[in-house]
Amino acid sequence: MSNRFSEFYSGESVNAYELLGCKKVGENSYHFSVWAPNALSVSLIGDFNNWLVHHDKMTLEDGIWQITVDAREGDCYKYAITAQSGAILYKADPYARYAEVRPKTASKIYCPEQNFEWSDEKWIEKQRKKDIYKSPVNVYEVHAGSWRKHFDGRLYSYRDLAKYLVPYVKKMGYTHVEFMPLAEHPLDASWGYQVTGFYAPTSRYGTPEDLKYLVNQFHKAGIGVILDWVPAHFCKDAHGLIEFDGTCCYESADEFKKEHKSWGTRIFDYSRYEVQSFLISNALYWFKEFHFDGLRVDAVASMLYLDYDRKNGEWRPNRWGGKENLEAIDFLRKLSCKVFEACPYALFVAEESTAFPKVTHPTYVGGLGFNYKWNMGWMNDVLSYMQSDTLWRSEKHNKLTFSMCYAYSENYMLPLSHDEVVHLKGSLINKMFGDYDTKFAQLKALLGFQYSHPGKKLNFMGVELAQWNEWNEDKELDWILLTYPKHDSHNRFVRELNKAYKKYKPLYQNDTSWDGFKWLLADDSKNSVLAYERFDKRGNTMLVVVNFSLYDYFNYGFYVDKGGYELVINSDDYKYGGRGVEVRNEVTSSDEGYVEITIPASSVQYYYKPAQKAAKRKEK
């Protein structure tokens, strides 16, 4: 085997996209390479040969079908693969960098003469020096096709998003944006999770260069960019990866591991080296070629377990008698090592919904190697609590506190994502218990709780508008809501909460240990009140008080760390659409640490105590 493809065949390739696919080799000359190990023959068809099946037959070299032809930039093409059965399969290029706009399915020759000129060197250098665990991470999750649309219903392009989304995210104060999948996919309603072109940024919104421009503009604005990435499965559209050469190349041939029947998708064969090279190279492709700062890996739980979404008799135990998918676990460890070798500052986030151990622990101690995991337990518990009648919340108080029992077992991100506002689940504000005004107040209290709870933050677009309608990928967000004072005030609250989160280190610097958190009131279930303190490395303190009841509490007394506290955020303030119940702007404890404060109904308050003030008080 020649050295050129040896790493690809051994599963060690990190740049398979430079070996396979379409490459420009002359002024009007292009070389094509495709892996189809069980094909009888392969022909290249496209605009350049009038789509004649047997005109440009490819030759087999080193196990790879190859050919060089004269063509033009932008020409469409596919591979005509003759299977062992004699059937001819018309396949898009798995390594294509660009594709036709759906519903058309051909790959497109895309090898621009000039490489994109990046201007984000300062951003990248800053990320190399940053300790992400001690930094603020507050993610705005976006579906590019429905954030905003043109008046005539056309989708915003990548460059439209650069013009309007970048300044909006900066104005709102988020640290990162996360895009739902942007790899090529045929069906809008799949939101990008049913991929056919893993190396092709979807042409719905423009060219690959346009996507690079968007990422570059985010970086110039000081905002990180995360991409939702889908290595757990692929769709069964005929032009895609399914039975690529008439046999199972990318998916497992084992009927017990082959398919997610309820999703209608095929599962990658993680034991096959060529598939490992395909996926690992794809992950690194988005980092290297498009400068993404992180990947959110979708549906990790479905990869980890052989019995995922399967009934008895539909799965086979592993060699140790367990239900874990050992090949997928080994692949994820290998993947995380390759990611951090290439991009040490990456955010590599697992959407993993089970109690699988050590998801965010290093591989050398038996972990999977991610550096963050979505805390689905926190999300489910808290939303269950917020939807319940306040009369019975005392019985569910543990849903607010249980997450602290495991908060430091992994490095967590707290998600209120798109998954919570679709499929008749209702919008976030509609989940809140109470009448019209109470729903606004409860939502602000929930967000204040989320932002002060240990863990990084993620919120789906629309929560900052307090949007009533459930998210619909066919419509833009209900921006008209901002013309109503109640919604505009809520938007102001989210904006100032975002900025407070970035400004005050106790809210983010000590997210991974009990050194950063202290319960003051964990068990006042009768009043639905929580109180706790967050600390940074210097001892600066943020006192957080949350009242999830419908009652105002006056002269509510409890013990805190001694010192003076200054009000930073009060969600009940008039300017945030609250009732404006009078609260104290400054609170000083007694020598024993006792304070009495007013806690408005359905509210959250942040009180800040600088370390130096505490020291001065002690000297006196």
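Residues numbered from 1 in each chain as written. Predicted model: local features only at pLDDT ≥ 70, side-chain atom pairs only at ≥ 80, totals over all residues. Heavy atoms only, no water.

Engineer: How should a nonpolar patch on the surface be read in this particular structure?
Structural biologist: Residues Leu391, Trp392, Leu550 and Tyr551 make up a contiguous nonpolar surface patch of about 490 Å² in total accessible area. In this fold, Tyr551 is placed in the loop between strand S25 (541–547) and strand S26 (553–559). (Patch = residues over 30% accessible without salt bridge, like charges linked within 9 Å, V, L, I, M, F, W, Y side chains within 5 Å. Areas by Shrake-Rupley, 256 points an atom, 1.4 Å probe, with all protein chains shown as cover. Salt bridge = Lys/Arg side-chain N within 4 Å of Asp/Glu carboxyl O. Helix = DSSP H or I, 4+ residues; strand = E, 2+ residues; numbered from the N terminus.)

Engineer: It is not clear to me how the packing of helix H12 (residues 436–452) against helix H13 (residues 485–503) should be interpreted in this structure. Could you clarify?
Structural biologist: A pair of packed helices can be characterised by two numbers: the angle between their axes and the separation between those axes. Relative to each other, H12 and H13 sit at 10 degrees, their axes nearing to 11 Å. Between H12 and H13, the crossing angle belongs to the class labelled roughly parallel. Contact with H12, carried on its side by Tyr436, Asp437, Phe440, Leu443, Lys444, Leu447, Gly448 and Tyr451, involves Lys486, His487, His490, Phe493, Val494, Leu497, Asn498 and Tyr501 of H13 and no other residues of that element. Taken together, the residues that form the contact of H12 with H13 break down as nine nonpolar, four polar and three charged. (Axes fitted to C-alpha atoms, helices over the stretch in contact; angles between N-to-C directions. Parallel < 35°, antiparallel > 145°, perpendicular 65-115°, else oblique. Contact = heavy atoms within 4.5 Å. Nonpolar A, V, L, I, M, F, W, Y, C, P; charged D, E, K, R; others polar.)

Engineer: Just to check I follow, could you spell out helix H8 (residues 326–342) for this structure?
Structural biologist: Note that an α-helix has 3.6 residues per turn; residues three or four places apart therefore point the same way. The first and last C-alpha atoms of H8 sit 25 Å apart over 17 residues, in line with the 24 Å expected at 1.5 Å per residue. Taken as a whole, H8 has its buried residues at Leu326, Ala328, Ile329, Phe331, Leu332, Lys334, Leu335, Ser336, Lys338 and Val339. (Expected span 1.5 Å × (residues − 1). Buried < 20%, exposed > 50% of the residue type's maximum accessible area, 1.4 Å probe, protein only.)

Engineer: Explain the side chain of His185 here, please?
Structural biologist: Following the sequence through the fold, His185 ends up in the loop between strand S12 (183–184) and strand S13 (197–201). There is a polar contact of 2.8 Å between the side chain of His185 and the backbone oxygen of Ala183. Setting aside residues no more than four positions away along its own chain, His185 makes contact with Arg102, Ser190, Trp191, Gly192, Gln194, Val195, Thr196, Thr202 and Arg204. (Polar contact = N/O pair within 3.5 Å; in protein donor to acceptor, adjacent residues only side chain to side chain.)

Engineer: Would you mind showing me how to read the sheet that holds strand S24 (residues 529–535) here?
Structural biologist: Hydrogen bonds between backbone atoms are what pair the strands of a sheet, whose relative direction is either parallel or antiparallel. Strand order in the open sheet formed by six strands is S23-S24-S25-S30-S27-S28, with antiparallel pairing between adjacent strands. Of all strands in the sheet, those bounded by a partner on one side alone are strand S23 (517–524) and strand S28 (586–588). Pairs of neighbouring strands in the sheet enclose a mean axial angle of 20 degrees, with direction left out of account. Sheet strands in contact with H12 are S24, S25 and strand S30 (603–609), and its direction is about 35 degrees off that of S30. Along the sheet, H13 contacts strand S27 (564–570) and S30; its crossing angle with S27, the most-contacted strand, is approximately 140 degrees. (Pairing = 2+ DSSP bridges.)

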